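Residues per chain, in single letters:
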Amino acid sequence: MSTQVNNQPQKILCVRMSAVGDVINTLPAVEALRLSFPQAHISYLVEDRAYGVIEGHPSIDTVMLYPRKRWVQMMRKPAQWGQLFREFLVLRQALRSKHYDVALNFQSNLKGALFTLLAGAGKRVGFAKNNSKENSHIFNHISVSPEGGEHINRVEKFISLAAAIGADSSKASYRLPQRNDRKLVVQDWLNAQNLTRYAVIHPGTSDFGAKKRWQPERFAELAIRLHEECKLIPVITWGPGERELAENIVTASAGTAVLAMQTSHLLDLAEITRNAQLYIGCDSGPLHLASAVGTPSVALFGPKDPRTYGPWNPHRRVVQKGQTDSAHLGVMSAIHTDDVMQSVNALLDEVAAA
């Protein structure tokens, strides 16, 4: 339960700096804010890693960059501390100059709470103690306890924060920035590869999420079976530091898989996925990007609870075996190719019947 802000806000700050998947999953809440308060000025504070899915978003008026990577590097060099402090003051002033009516702490931790405080917003809205971290709830004027408890999907959790200030949750939906230049780059590559019916396989995760990874040899076996049984060309996508992994899967796929183009922008990956018939991947940001573009998705889950962290997609299947919340690296190895193919076939049948 939560207390609503009675008057419609005119200036709204959304704070969600990371990770990429979580930033993507705030977008339905942002859309609910935009459609519920069409005259409001909506700002969004985000880190450099997820900037690509916020920059140029049609529902966001102002994007403020928290240059985490740059600032972390500067913190390691005492000679640059003065410049770091000056840059921090510039960001602080940019936040305060907007005179926000309300700031929403989607980050739900102390860092997010401190930035809503620095912004000087009239109302600071965040999650209650049981749904936040690092005692960030003490900075809230309004604390929200989402219905559904600890197992609520992250997207719906974020929507509940927008609803707390009067946004209509029924208006929530994914929308990404539209970049025609990125669409053209991807379409040229798809045409050059003669790709029309294909499945995206994204095998990578962040280093932090290493325990969420599935074995490369099983991804290769899956690629072969997708090609033989579903008549789909597997396209192996990759991000920074993942090219070797993707190349190894392509090599082991007996000539059935195609290495994706380098995705220099998150919207490149979004466009490759948007044009696919199917997406298969582990619990990572690209899985949520697939939901955002509406591509039917098969999600491979190990230690995390898919009720909370799973895709928010009308056409989805989750493959999970073993114990949820186990830190044991063997959880993902319990998933076999047959398990994934069973979900793939059921999902493709569902889509065909829709």
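This report concerns the structure included in the present document. Predicted, not measured: the structure shown is a model, and the values here were computed from it.

Our focus in this paragraph is the packing of aromatic side chains. Taken as a whole, this structure holds six aromatic pairs when the rule is applied. Of the aromatic side chains, those joined through ring pairs into one cluster are Tyr66, Trp71, Phe88 and Phe115. Of note, Lys157 hangs over the ring of Phe127, and the distance from its end group to the ring centre comes to 4.7 Å.

This brings us to the nonpolar core. Membership of the largest hydrophobic core comes to 45 residues, with the highest contact counts inside it found for Trp214, Leu222, Leu226, Leu278, Val298, Leu300 and Val340. The element contributing the most residues to this core is helix α7 (residues 216–229), with five residues. If sequence neighbours within four positions are ignored, Val298 has contacts with Leu278, Tyr279, Ile280, Gly281, Arg317, Val319, Val340, Ser343, Val344 and Leu347. Residues Ala32, Phe158, Ala167 and Tyr174 belong to the second largest nonpolar core, which totals 42 residues.

This part is about the sheet that holds strand β7 (residues 198–202). Read across the sheet, six strands follow the order β9-β8-β7-β10-β11-β12 without closing on themselves; strand pairing throughout is parallel. Edge positions in the sheet fall to β9 (258–259) and β12 (316–320), since each of these pairs with one other strand and no more. The pairing of strand β10 (residues 278–282) with strand β11 (residues 297–301) spans four bridges and is classified as parallel. When the bridges of β11 are listed, Tyr279 appears paired with Ser297. Taken strand by strand, helix α12 (residues 337–353) contacts β10, β11 and β12, and its axis lies near 170 degrees from that of β12.

The subject of this paragraph is the packing of helix α6 (residues 180–193) against helix α9 (residues 266–274). Where α6 contacts α9, the two axes come as close as 9 Å, and the packing angle between them is 55 degrees. With respect to α9, the element α6 is oriented oblique. The handedness of the crossing between α6 and α9 comes out as right-handed. Two secondary-structure elements touch here, α6 through Arg182, Lys183 and Val186 and α9 through Leu267, Asp268, Glu271 and Ile272. Classifying every residue of the contact of α6 with α9 by side-chain character gives three nonpolar, no polar and four charged.

On to the packing of helix α2 (residues 68–75) against helix α3 (residues 81–96). Packed helices, taken two at a time, are described by their axes: the angle between them and the distance between them. Interaxial distance between α2 and α3 falls to 9 Å at its minimum, and their mutual angle equals 150 degrees. Classified by the angle their axes make, α2 and α3 are roughly antiparallel. As for the relative orientation of α2 and α3, their crossing is left-handed in sense. Residue-level inspection shows Arg70, Trp71, Met74 and Met75 of α2 in contact with α3, the latter providing Trp81, Gln83, Leu84, Glu87, Phe88 and Leu91. Tallied by class, the residues present in the contact of α2 with α3 amount to seven nonpolar, one polar and two charged.

The rules behind the values
- Residues numbered from 1 in each chain as written.
- Predicted model: local features only at pLDDT ≥ 70, side-chain atom pairs only at ≥ 80, totals over all residues.
- Heavy atoms only, no water.
- Phe/Tyr/Trp six-rings, centres within 6.5 Å; stacked < 30°, edge-to-face > 60°.
- Lys NZ or Arg CZ within 6 Å of the ring centre and 35° of its normal.
- Core = buried A, V, L, I, M, F, W, Y, C linked by side-chain atoms within 4.5 Å.
- Buried < 20%, exposed > 50% of the residue type's maximum accessible area, 1.4 Å probe, protein only.
- Helix = DSSP H or I, 4+ residues; strand = E, 2+ residues; numbered from the N terminus.
- Contact = heavy atoms within 4.5 Å.
- Pairing = 2+ DSSP bridges.
- Axes fitted to C-alpha atoms, helices over the stretch in contact; angles between N-to-C directions.
- Parallel < 35°, antiparallel > 145°, perpendicular 65-115°, else oblique.
- Left-handed = near helix turned anticlockwise from the far one by under 90°.
- Nonpolar A, V, L, I, M, F, W, Y, C, P; charged D, E, K, R; others polar.

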